[in-house]
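# Analysis of the macromolecular model
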Amino acid sequence: LNKSFSTAGFKMVGNLFEKMNNKDLAVKTYSKAADEVGSSDFFYQKIGDINIQNEDPALAYNSYKKALALSPNNKELLYKVATIAQTYFDNEIDTAIDCYTKLLEIDDNKEKIYYELGHLYLSKKEVINAISAFKLALDINPSNPFYHNALAYALVDVEQFEEAAEHYQFAININPNPEWTSIVCQALGMLKYKVFDDINAAMNLYQSAILLDPLSEEAHIGLGDIFEDYGDTDSAIKAYCDAITINPK
């Protein structure tokens, strides 16, 4: 009973300091609680949350890992550790992979987990594993444009260009956001130009990218490069001038 009261008391005092925006005292309170009473995983997680607010991912990561060691099946903690590891620490990619692999066993949101795993495998240059993960995400949600785009990117890495082009086109057809789709159009345009030598398709894709995002200087430059390569100097100059108009510097 005394232990429960102490735990509740520490929670109340720490919460009060947080509301007063005195984060240092809140952290000291939660640290003392973690050392002296039960629910240490809760208190370490609270310390991690405050450190995130203070933009100190290293301290937050350390606290979240301590909490996770005490509560290894806590989904919220697994996501927090994985997210910080993949966002801030290149040498902690394996930890993030371990967290997401554990989450596959206990969380129903498997498509998101496979998607994150795909990106983690890409960062390790394990492209085959990345492709497998993205395909598993697509098996669950075949109409997600972001999954198609990620898979296309990985397929280009292993020179499976035909299949990559199909997935890029699928993502473009869905068009979830004009600026994002403009970038995908440019990726497919470059593929059509450099790999398939299909200048008309490439130009159409770059022009579509410009229609979707008229302020994309990269799309204007990419279109200008194609014109220049094929000797249409006037059209190239116009495209480059359009880019300069967007970004005079």
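In what follows, the accompanying structure is described. Keep in mind that this is a model prediction, so the values were computed, not measured.

Within a pair of aromatic rings, the relevant descriptors are the distance that separates the centres and the angle that separates the planes. With the rule as written, the count across this model stands at 8 aromatic pairs. With a centroid separation of 6.1 Å and an interplanar angle of 50 degrees, the aromatic rings of Y193 and Y230 are classed as tilted. One end of the pair, Y193, is in helix α11 (residues 178-194); the other, Y230, is in the loop between α13 (217-229) and α14 (233-246), with 37 residues separating them in the sequence. What makes Y193 buried here is its relative accessible area of 11%. Given a relative accessible area of 43%, Y230 falls into the partly exposed group.

Moving on: the packing of α11 against helix α12 (residues 199-212). The geometry of a pair of packed helices is captured by two quantities: the angle between their axes and the separation between those axes. Close contact between α11 and α12 brings their axes to 8 Å; oriented N to C, the two are set at 165 degrees. Comparing the axis directions of α11 and α12 gives the class roughly antiparallel. Of the two elements, α11 crosses α12, and the hand of that crossing is left-handed. Side by side, α11 and α12 meet where P178, T181, S182, C185, Q186, L188, G189, M190, K192 and Y193 of the first sit next to A201, A202, L205, Y206, S208, A209 and L212 of the second. Split by residue class, the contact of α11 with α12 holds 11 nonpolar, 5 polar and 1 charged.

Right, let's talk about unusual backbone geometry for a bit. The phi dihedral of N175 is positive, around 50 degrees, even though this residue is not glycine. Structurally, N175 is set in the loop between α10 (161-174) and α11.

Close approach of charged atoms allows side chains of opposite charge to pair. Counted under the stated rule, the structure contains 8 salt bridges. Taking the shortest distance from any N to any O, the salt bridge between E76 and K80 comes out at 3.2 Å. Here E76 and its partner K80 are both found in helix α5 (residues 75-88), 4 residues apart, which amounts to about one turn of the helix. The exposure class of E76 is partly exposed, given its relative accessible area of 46%. Given the relative accessible area of 18%, K80 is considered buried. K112 is the partner of E116 in a salt bridge, and the nearest nitrogen-oxygen pair spans 3.9 Å.

Before going further, it helps to examine helix α8 (residues 127-140). Spanning 14 residues, α8 covers 20 Å between terminal C-alpha atoms, matching the ideal 20 Å at 1.5 Å per step. Every buried residue of α8 is accounted for by V127, A130, I131, A133, F134, A137 and L138. Down the axis of α8, the smallest arc covering the buried residues is 165 degrees, so these residues share one side. Facing away from the buried side of α8, by more than 90 degrees, are the exposed residues I128 and D139. Of the surrounding elements, those touching the buried residues of α8 are α7 (110-123), α9 (145-157) and α10.

Thresholds, definitions, all that
- Here the residue index of a chain counts from 1 through its sequence in written order.
- It should be noted that, the model being predicted, local features are given only for residues of pLDDT at least 70 and side-chain atom pairs only at 80 or more, the latter also being counted only at that level, while totals for whole chains, interfaces and linings use all residues.
- Hydrogens and waters are ignored; side-chain quantities use all the structure's heavy atoms.
- To pair, rings of Phe, Tyr and Trp, with the six-membered ring standing in for Trp, must have centres within 6.5 Å; the planes then decide the type, stacked if under 30 degrees apart, edge-to-face if over 60, and tilted in the middle.
- Note on conventions: DSSP H or I runs of at least 4 residues are helices, E runs of at least 2 residues are strands, and numbering of each starts at the N terminus.
- Relative accessible area decides the class of each residue, using a 1.4 Å probe on protein chains only: under 20% of the type maximum gives buried, over 50% gives exposed, and in between gives partly exposed.
- Axis lines are fitted to C-alpha atoms, over the contacting stretch for helices. Their N-to-C directions set the angle, which ranges from 0 to 180 degrees.
- Any angle from 65 to 115 degrees is called roughly perpendicular, while one under 35 is roughly parallel, one over 145 is roughly antiparallel, and all others are oblique.
- Crossings are sorted by hand: turned counterclockwise from the far helix by less than a right angle, the near helix makes the crossing left-handed, and turned clockwise it makes it right-handed.
- Contacts are assigned to residue pairs that have any heavy atoms within 4.5 Å of one another.
- Amino acids outside the nonpolar list (Ala, Val, Leu, Ile, Met, Phe, Trp, Tyr, Cys, Pro) and the charged list (Asp, Glu, Lys, Arg) are all regarded as polar, and Gly is one of them.
- By definition, a salt bridge exists where a carboxyl oxygen of Asp or Glu is found within 4 Å of a side-chain nitrogen of Lys or Arg.
- Multiplying 1.5 Å by the helix residue count minus one yields the expected span of that helix.
- Think of the arc as the fan of directions from the helix axis to the C-beta atoms.

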